[in-house]
Amino acid sequence: MADPKENVQMEKIVSLCKRRGFIFQSSEIYGGINGFWDYGPLGAELKRNVKELWWHAMTRQREDVVGLEATIIMSPAIWKASGHVDTFSDPMIDCKTCKGRFRADQTDEIPCPQKPSKCVNDCHGEKTAPRAFNLMFQTFVGPVQDDSAIAYLRPETAQAIFAQFKNVLETSRQKVPFGIAQTGKAFRNEVTPRNYTFRSREFEQMELEFFIKPDEAVEAIHGSVASVPTTGHPGEPQSNWGWQAWHQYWVEERVRFYEGIGLNRTTLAFHRQTPEELAHYARACVDILFKFPFSKRDEQGELKGEELEGIAARSDFDLSQHARFSGKPMGVFDDELRAAWGKLPKEKSDDLWRRYYDNRKRYLEKSGVAPEAAAKQATEDANGLAKGQYVPHVIEPSAGVDRLILALIANAYSETSKTDEKGKTETNVVLRFHPRVAPIKVGVLPLLKNKPELVAKALAVRDLLRPWMNVYYDDGGSIGRRYARQDEAGTPFCVTIDFDSLGEKPELLNTVTIRHRDDGRQERVAISDLVNWLLPQIR
Ligand code: ATP
């Protein structure tokens, strides 16, 4: 269980989120609905910023990634091919005494419905054997509600990327290696939603499928596959990279992204999946974890962290499945490979042919193809490789928006206390968001609201900044109160318009005070320089 002290921390965070309009329970006026959350005014801005930063980093700032925006409901055949219809399930158990329903792998953490303050192990009720419970939400397409009309709300955004791979490839002028990125809603009927928004039933994902050549193709072209150190960023992508270098690259790129929005490495932890944990087709998977206040602790007392994102090397499984199930080829033709293969010494080409054949045969057999048919298909595939054809492999960095929002809020949360001369202590919350994600970038405050000249200039400053960033104008209450309100919302800068701005000290005419949230520092900046002063800090 998480340390009680840290559950207090979670309670404070949850209460702040409600009080300041970051997160509300969905359908709250009707008693709520378990596992669904709404984002209020500040939360909506924070979420939008995060998704835009991700999109910017993953697509617009790169030559080799393009975007996609697919539908939530797709042909159910997609989920058959992906394996979700047959295997996307959690082990569920029922308690015969308290009638509670739990995930078999998490019974130590689930409250007993009869005695909510106790955990299920205190209930001591007899439990049923675990049963597989499919996590996909079902619906019907069209007016007739029979089996032929069943469709699913997507449980991940990734599959649309695979299904549209060929269309994107043909229209985007990209060549392998390249990626397709998508953000959007995903739905999972989690048995036990928990830890606030961490495990929800409706959530948002930010996923990249980065398609690469199989190692055999890289080796045929370059003589060998580049070896990379297993830690640290491997640097700019190179054409002789195999899946390991690309995987390492994306893990490190994603960590850089998190660092760039205020989650430094010490707040993160990593879990490299063991061979037992890996799916049969996956070559490796590294989970990036954030140390949430509700995370468990290791033997040294360190928070272990919970998954924010998984970066998986998924081989050519996904495209191969869609090729088999749809009957549409998903392979690409690579001129460079065909030319290089023709020049290979026989020993080398035989070796590469055999390795590719073995990999394809293993995949086909694991996917249920009979050995003879698998051998025939693998032979065709390896012959195809020799002619420059292959099914791309994929590296998949898959992140959850909502978990990241919660991590950013937990990371930003801090309290400051001040004791006045009468000994009365006041504690204020400061959300120390990185300015890039902060929901409000700048608060614009006239020193007094009953001085029309101050108000007019402050409104002019607000209008000057508005086209560039989210601005909050506030003229209510003492300046100290207004600073405190912005601190609690995580606003990194406040701009105050005072009498000097109006020229009381002539040399300060048309200047304003900028107050920094984190250390209270103040500096004087000309109104005409404000946009240029602020922009580099918030982008
Ligand atoms: P977990 O093991 O925590 O259930 P997962 O490994 O099933 O997660 P993936 O299928 O890899 O998750 O999904 C990619 C990302 O989507 C996760 O890293 C997480 O950030 C997010 N995600 C998955 N399930 C949920 C959920 N129920 N609520 C919120 N975010 C989720």
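Here the structure is shown first, and the text comes after it.
Not measured: the values here are computed from a predicted model. (Residues numbered from 1 in each chain as written. Predicted model: local features only at pLDDT ≥ 70, side-chain atom pairs only at ≥ 80, totals over all residues. Heavy atoms only, no water.)

Student: Hey, could you run me through the overall build of the protein in this one?
Tutor: In terms of helices and strands, the protein carries 17 helices and 23 strands. Each principal axis of the C-alpha atoms in the protein carries an extent, and together these give about 90 × 65 × 55 Å. A total of 539 residues make up the protein; the buried ones form 50% of that total. Taking the contacts inside the protein whose residues are at least 6 apart along the sequence as the reference set, 64% of them involve residues at least 24 apart. With the model as given, the accessible surface of the protein reaches about 26,000 Å², and the carbon-plus-sulfur share is 50%. With 74 positive and 76 negative side-chain charges, the protein shows a spacing of 2 Å between the two charge centroids. (Helix = DSSP H or I, 4+ residues; strand = E, 2+ residues; numbered from the N terminus. Buried < 20%, exposed > 50% of the residue type's maximum accessible area, 1.4 Å probe, protein only. Contact = heavy atoms within 4.5 Å. Areas by Shrake-Rupley, 256 points an atom, 1.4 Å probe, with all protein chains shown as cover. Lys, Arg positive; Asp, Glu negative; His and termini not counted. Charge placed at Lys NZ, Arg CZ, Asp CG, Glu CD.)

Student: Mind showing me how you'd approach the packing of helix 12 (residues 346-366) against helix 13 (residues 371-386) here?
Tutor: Relative orientation and spacing of two packed helices are given, respectively, by the angle between their axes and the distance between those axes. The contact between helix 12 and helix 13 brings their axes to 8 Å, and the two run at 140 degrees. Here helix 13 runs oblique to helix 12, going by the angle between their axes. The handedness of the crossing between helix 12 and helix 13 comes out as right-handed. Residue-level inspection shows Trp353, Tyr356, Tyr357, Arg360, Lys361, Leu364 and Glu365 of helix 12 in contact with helix 13, the latter providing Pro371, Ala374, Ala375, Gln377, Ala378, Thr379, Asp381, Ala382, Asn383 and Leu385. Residue composition of the contact of helix 12 with helix 13, grouped by class: 10 nonpolar, 3 polar and 4 charged. (Axes fitted to C-alpha atoms, helices over the stretch in contact; angles between N-to-C directions. Parallel < 35°, antiparallel > 145°, perpendicular 65-115°, else oblique. Left-handed = near helix turned anticlockwise from the far one by under 90°. Nonpolar A, V, L, I, M, F, W, Y, C, P; charged D, E, K, R; others polar.)

Student: What is the right way to read the site of the ligand from this model?
Tutor: Surrounding the ligand, one finds 14 residues, the nearest of these being Glu190, Arg199, Ser200, Glu307 and Leu308. A distance of 2.7 Å separates a nitrogen atom of the ligand from a polar atom in the side chain of glutamate 190. At 3.3 Å, a backbone N or O of phenylalanine 198 approaches a nitrogen atom of the ligand. For the ligand, the protein covers 79% of the area, taking 580 Å² as the surface of the free molecule. Every element with two or more residues in the shell around the ligand is listed here: strand 10 (202-212), strand 13 (306-313) and strand 16 (393-400). Looking at side-chain class alone, the shell around the ligand contains 4 nonpolar, 4 polar and 6 charged residues. (Near = heavy atom within 4 Å. Polar contact = N/O pair within 3.5 Å; in protein donor to acceptor, adjacent residues only side chain to side chain.)

Student: Could you clarify how one ought to interpret the sheet that holds strand 23 (residues 522-526) in this entry?
Tutor: Note on sheets: strands pair through backbone hydrogen bonds, and any given pair is parallel or antiparallel. Taking strand neighbours across the sheet as the criterion, the 5 strands line up as 20-19-21-22-23 in an open arrangement whose pairing is mixed. At either margin of the open sheet sits one strand with a lone partner, and together these are strand 20 (471-473) and strand 23. Looking at each pair of strands side by side, their axes are set apart by 25 degrees on average, direction ignored. As judged from the 3 bridges shared by strand 19 (residues 442-446) and strand 20, these two strands associate in the parallel manner. Note that in strand 20 the partner of glycine 443 across the bridge is tyrosine 472. Together, strand 19, strand 20 and strand 21 (493-497) form the strand contacts of helix 15 (residues 452-465), whose direction differs from that of strand 19 by roughly 165 degrees. (Pairing = 2+ DSSP bridges.)

Student: So what exactly am I meant to see when it comes to the side chain of aspartate 498 here?
Tutor: The topology assignment puts aspartate 498 in the loop between strand 21 and strand 22 (511-516). A distance of 2.9 Å separates the side chain of aspartate 498 from the side chain of arginine 524, its partner in a polar contact. Leaving out residues up to four positions away in the same chain, aspartate 498 has contacts with Leu447, Leu454, Thr513 and Arg524.

Student: What exactly am I supposed to notice about the sheet that holds strand 4 (residues 89-94) here?
Tutor: Taken in spatial order, the 3 strands line up as 5-4-6 in an open sheet, and their pairing is antiparallel. Two strands lie at the open edges of the sheet, namely strand 5 (101-103) and strand 6 (131-134), each paired on one side alone. Sheet twist, expressed as the average angle between the axes of neighbouring strands with direction ignored, equals 50 degrees.

Student: Whenever I open this one, the pairing of strand 17 (residues 413-419) confuses me. Can you help?
Tutor: In the case of a regular strand, side chains alternate between the two sheet surfaces. Sheet topology note: the strand 17/strand 18 (residues 425-431) ladder contains 7 bridges and is antiparallel. Residue pairing for strand 18: tyrosine 413 is matched across the bridge by leucine 431.

Student: Can you help me understand helix 9 (residues 243-260) in this one?
Tutor: Residue pairs three or four apart in sequence face the same way in an α-helix, which turns once every 3.6 residues. Given a rise of 1.5 Å per residue, 18 residues ought to cover 26 Å, and the 25 Å separating the end C-alpha atoms of helix 9 matches this to within 8%. Burial of helix 9 is extensive: 13 of the 18 residues sit out of reach of the surface. (Expected span 1.5 Å × (residues − 1).)

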